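What the coordinates show
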Amino acid sequence: MFSFLAHRRACAAKQREREERIRSLPPAYHAPLSAADKQLLARPASEIVARVQAGTLAPTDVLLAYGKQALRAHAATNCLTEVLIAKAEGWAKTSNTQGPLAGMPVSVKDTVGFEGEDACIGYSAWVGRPMKRDSALVRLLKDAGAVPFVKTNVPITLLSFESTNDVFGKTTNPHNKDYSPGGSTGGEAALLAYGGSRLGIGTDVAGSVRGPAHFSGIYTIKASMHRFLKSGNSTSMPGQEGIPAVYSPMTRTLEDLEMFWKAVVSMKPWEYDHSVLPIPWREIDLASGKPIRWAVMWDDGVVAPSPACKRALETVVTELTARGHEVVKLEPPSPYEGLKIGFQLLLAEAGKVSTKPIRWGESNDPGVHQARIAFALPRFVKQLYAWYLRYIKRDDAYAGLIEVCHEKNVEQYLALIAKREGYREQWFEKLKSEAIDFVLTVPNSLPATPHGGMKHGFKGCGYTFLWNILDYSAGVVPVTHVDKELDALDVKAFKPRNAIERDMYKMYDAKKMHGLPVGVQIIGKRLEEEKVLEGMKIVEGVLRESGKAYTLLEPFD
């Protein structure tokens, strides 16, 4: 009871603090957007930085425009956690106006550490425990001239494609309030899609920047391990290195994504963070080299892409093929085997670490809650259930996950690491032997999922999780929107192959999802962020040439 009361008090206090920080901002932040504000919000980040460097634009004016739009985004989607605008006014006045990010507001996931500010990531027990110093990322951003100004919402545990917790509440998709903006970097995606920021930072351990990019209609490249800064931030799973989380940029446009990556790398992040490899930005020329070979993974064998997601992928393949690109069907090493290895490594301790801070009476993510129940069942019960699924229901996929759903000891964990490395070797040989430059696939079998959908959907993250397991660089480009006519499911013809697919498709409704963004995923090999960016530029270019360019949400009026 005392734990529950402390939980309620912490949530109320944090929400009051957020409301007071917004309320106490100067009146200019609460005024309607001016014509000058709208012009600034419409300009690419590179142009804003150039004007600040030239002395024709003040960082405080840029902060005002983005601060106003961020507050509008928050009112519409509940995307913000820590509102740092008052502090940011001071940072803007003293910012490095010659840096590669001069005067540019940057939003970050709630995990990111700022001196004197909480990074509670949705745990009420962590409210009122401010970070003691700026993280390596924050120090680099400030030195580069950037103005960090808000932090954004996440799901409790950080293990979900939704962004809901009791401390800050539920974040909604700016395209449709009944759907999630994604997770775990969902608040960031909602803010970027709404135009309340252009440059953002998230983390990804199973799709946590790519899922939100797909759900909300923005751009990202998930970095490989040790390419981007991560030290000094908050996390729900300290020490989890089987499938490590990676920090990665998220942006409103592809042009902004290239600019942001180059700016950060130009600051030599390895001089700020011991974990970053000293790899300068490498210019990639795909035009003058050997012909590019694209391989398409149409289906991961677990959950088939929904009609909307398949249509987006088909659109990209059609336009690439029409322009002479070589596009082949990929017959990959079993994605399902990768899913099993990754699932066991990510939750090797049965989800105990990420749920330990949760107080009595505090809401857990529905997917994590289901996983914890499965881990808690006696081993013989799970074995019986797996036998029933495999031999009675003929569902090998779900049976295989159920029978490995138990806490691992050190010997078992090391064996899984060895399996992971063997699996990575299979993919290495496959891509090398077939001279594949990029893999194309969907970011998820569905567009955005409805709120509460992770109760059924937490097992269906294979299209993003696979590339974390392999540690490949992977980007997402928005392509189209769900169309209730074009993307309707033939319910009579659809027969789910397993319980995972059945549960995912329970959420698919093209009529209700009409207008939601749909993206594609472009994957390169390890540490090929620059090459993936060039691949994304090719995809966006062919879509633009064919008159099929994605239309961003423009909620500025």
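You'll find the structure just up there.
Below or above, wherever it landed, is the structure these notes cover. (Residues numbered from 1 in each chain as written. Predicted model: local features only at pLDDT ≥ 70, side-chain atom pairs only at ≥ 80, totals over all residues. Heavy atoms only, no water.)

Okay, the overall build of the protein next. A tally of regular secondary structure across the protein gives 21 helices and 13 strands. For a compact globule of 557 residues, the expected C-alpha radius of gyration is about 24 Å, and the protein comes in at 22 Å, within 12% of that figure. Along the three orthogonal principal directions, the C-alpha set of the protein runs to about 70 × 65 × 50 Å. A total of 557 residues make up the protein; the buried ones form 61% of that total. Taking contacts inside the protein between residues at least 6 apart in sequence as the whole, the part at least 24 apart equals 81%. Measuring between centres, the 70 positive side-chain charges of the protein sit 4 Å from its 63 negative side-chain charges. (Helix = DSSP H or I, 4+ residues; strand = E, 2+ residues; numbered from the N terminus. Rg over C-alpha atoms; globule rule 2.2 N^0.38 Å. Buried < 20%, exposed > 50% of the residue type's maximum accessible area, 1.4 Å probe, protein only. Contact = heavy atoms within 4.5 Å. Lys, Arg positive; Asp, Glu negative; His and termini not counted. Charge placed at Lys NZ, Arg CZ, Asp CG, Glu CD.)

In sheet architecture, strand pairing relies on hydrogen bonds along the backbone and comes in two forms, parallel and antiparallel. With mixed pairing, eleven strands are arranged side by side in an open sheet as S1-S3-S2-S6-S8-S7-S12-S13-S11-S9-S10. Edge positions in the open sheet fall to strand S1 (80–83) and strand S10 (326–329), since each of these has one partner strand only. Taken pair by pair, the neighbouring strands of this sheet meet at an average axis angle of 30 degrees, ignoring direction. Seen against the sheet, helix H7 (residues 186–193) touches S1, strand S2 (105–109), strand S3 (147–152), strand S6 (199–204) and strand S8 (246–251) and runs at an angle of roughly 155 degrees to S6. Packed on one face of the sheet, helix H9 (residues 254–266) meets S2, S6, strand S7 (219–222) and S8 and runs near 140 degrees to S8. (Pairing = 2+ DSSP bridges. Axes fitted to C-alpha atoms, helices over the stretch in contact; angles between N-to-C directions.)

Applying the stated rule across the entire model yields 15 aromatic pairs. Ring centres of Phe 343 and Phe 375 lie 6.2 Å apart, and the angle between their planes is 25 degrees; on these two criteria the pair is classed as stacked. Taken together, the positions of Phe 343 in helix H11 (residues 335–346) and Phe 375 in helix H13 (residues 366–376) put the pair 32 residues apart, joining distant regions of the chain. Just as Phe 343 is buried, Phe 375 falls in that class too. (Phe/Tyr/Trp six-rings, centres within 6.5 Å; stacked < 30°, edge-to-face > 60°.)

It is worth spelling out the side chain of Arg 198 at this point. Residue placement: Arg 198 occurs in the loop between H7 and S6. Here the side chain of Arg 198 touches Leu 41 through a polar contact of 3.2 Å, landing on its backbone oxygen. Among the polar contacts made by the side chain of Arg 198, one reaches the main-chain carbonyl oxygen of Arg 43 at a distance of 2.8 Å. (Polar contact = N/O pair within 3.5 Å; in protein donor to acceptor, adjacent residues only side chain to side chain.)

Two elements in contact, helix H14 (residues 379–391) and helix H15 (residues 396–403), have axes separated by 8 Å at closest approach and are oriented at 170 degrees. Here H15 runs roughly antiparallel to H14, going by the angle between their axes. Contacts between H14 and H15 pair Lys 382, Tyr 385, Ala 386, Leu 389 and Arg 390 from the former with Asp 396, Tyr 398, Ala 399, Gly 400, Ile 402 and Glu 403 from the latter. Residues of the contact of H14 with H15, tallied by class, amount to six nonpolar, one polar and four charged. (Parallel < 35°, antiparallel > 145°, perpendicular 65-115°, else oblique. Nonpolar A, V, L, I, M, F, W, Y, C, P; charged D, E, K, R; others polar.)

Another aspect to go through is the layout of surface pockets. There is about 730 Å³ of room inside the largest pocket. Together, 40 residues line the largest pocket, and Phe 343, Gly 367, Ala 371, Phe 458 and Lys 459 are the ones closest to its centre. For the lining of the largest pocket, the secondary-structure elements that each account for two or more residues are H11, H13, H14, H15, helix H17 (454–457) and helix H19 (499–505). It is H13 that contributes the most residues to the lining of the largest pocket, eight residues altogether. (1 Å grid on protein atoms, 1.4 Å probe; cavity = no way out; pocket = protein on both sides within 12 Å on 5 of 7 lines; lining within 4 Å. Points joined across faces, edges and corners; volume = space filled by probe spheres on them.)

A surface patch of nonpolar side chains, about 540 Å² in accessible area, is lined by Tyr 385, Trp 387, Tyr 388, Tyr 391 and Ile 392. One can find Tyr 388 in helix H14. (Patch = residues over 30% accessible without salt bridge, like charges linked within 9 Å, V, L, I, M, F, W, Y side chains within 5 Å. Areas by Shrake-Rupley, 256 points an atom, 1.4 Å probe, with all protein chains shown as cover. Salt bridge = Lys/Arg side-chain N within 4 Å of Asp/Glu carboxyl O.)

Our focus in this paragraph is unusual backbone geometry. In this structure, Ser 184 follows Gly 183 across a cis peptide bond, with omega equal to 5 degrees. Summarising the element assignment, Ser 184 is placed in the loop between strand S5 (169–170) and H7. Residues other than glycine seldom take positive phi values, yet Ile 121 does so here, at roughly 45 degrees. Secondary-structure assignment places Ile 121 in the loop between S2 and helix H6 (136–143). Phi is positive for Thr 157, which is not a glycine, with a value near 80 degrees. Assignment of secondary structure puts Thr 157 in the loop between S3 and strand S4 (164–165). Here Thr 157 falls in the buried class, since its relative accessible area comes to 0%.

What follows concerns empty space enclosed by the protein. By rolling a water-sized probe across the atoms, one finds the places where empty space is left. The tally for this structure, following the rule as stated, stands at four cavities of 30 Å³ or more. Computed from the structure, the largest cavity encloses a volume of approximately 60 Å³. As for the largest cavity, its lining consists of Asp 300, Val 302, Pro 335, Gly 338, Leu 339, Gly 462, Phe 465, Leu 466 and Ile 469. When residues of the lining of the largest cavity are traced back to their parent elements, those giving at least two are H11 and helix H18 (462–470).

In this section: the environment of Ser 546. Take Ser 546: it is sitting in the segment after helix H21 (529–545). Given a relative accessible area of 24%, Ser 546 falls into the partly exposed group. Between the C-alpha atoms of Ser 546 and Ser 197, which are 349 residues apart in sequence, the distance is 29 Å. When near neighbours in sequence (up to four residues on either side) are disregarded, Ser 546 contacts Glu 319 and Arg 323.

So, on to H11. Compared with the 16 Å implied by 1.5 Å per residue over twelve residues, the 16 Å span of H11 between its first and last C-alpha is a close match. Where burial is concerned, most of H11 is hidden: eleven out of the twelve residues are buried. Buried-residue contacts for H11 involve H13, H15, helix H16 (410–433) and H18. (Expected span 1.5 Å × (residues − 1).)

Among all positions in H13, only Gly 367, Val 368, Ala 371, Ala 374 and Phe 375 are buried. Viewed end-on, H13 has its buried residues packed into an arc of 120 degrees, placing them on one side of the element. Elements in contact with the buried residues of H13: H11, helix H12 (352–355), H14 and H17. For H13, the side-chain oxygen to backbone nitrogen distance between the N-cap and Gly 367 is 2.9 Å, and the N-cap itself is Asp 365. (Arc of directions from axis to C-beta.)

It is worth spelling out the pattern of salt bridges at this point. According to the stated counting rule, one finds 43 salt bridges in the structure shown. When the shortest N-O distance is used, the salt bridge between Asp 37 and Lys 68 registers 2.5 Å. A residue pair is termed long-range when its members are at least 10 positions apart, and Asp 37 in helix H2 (residues 35–42) and Lys 68 in helix H4 (residues 59–77) qualify at 31 residues. Judged by relative accessible area, Asp 37 falls into the buried class, the value being 5%. Two residues, Arg 227 and Glu 529, come together in a salt bridge whose shortest N-O distance is 2.7 Å. Here the residue Arg 227 occupies a position in the loop between S7 and S8, and Glu 529 occupies one in helix H21, the gap between them amounting to 302 residues. Here Arg 227 falls in the buried class, since its relative accessible area comes to 2%. Using a relative accessible area of 0% as the deciding quantity, one classes Glu 529 as buried. Several salt bridges share partner residues, and in doing so they unite Lys 14, Glu 17, Arg 21, Glu 82, Lys 87, Glu 117 and Asp 118 into one network.

No statement about biological role is implied by the geometric values presented.
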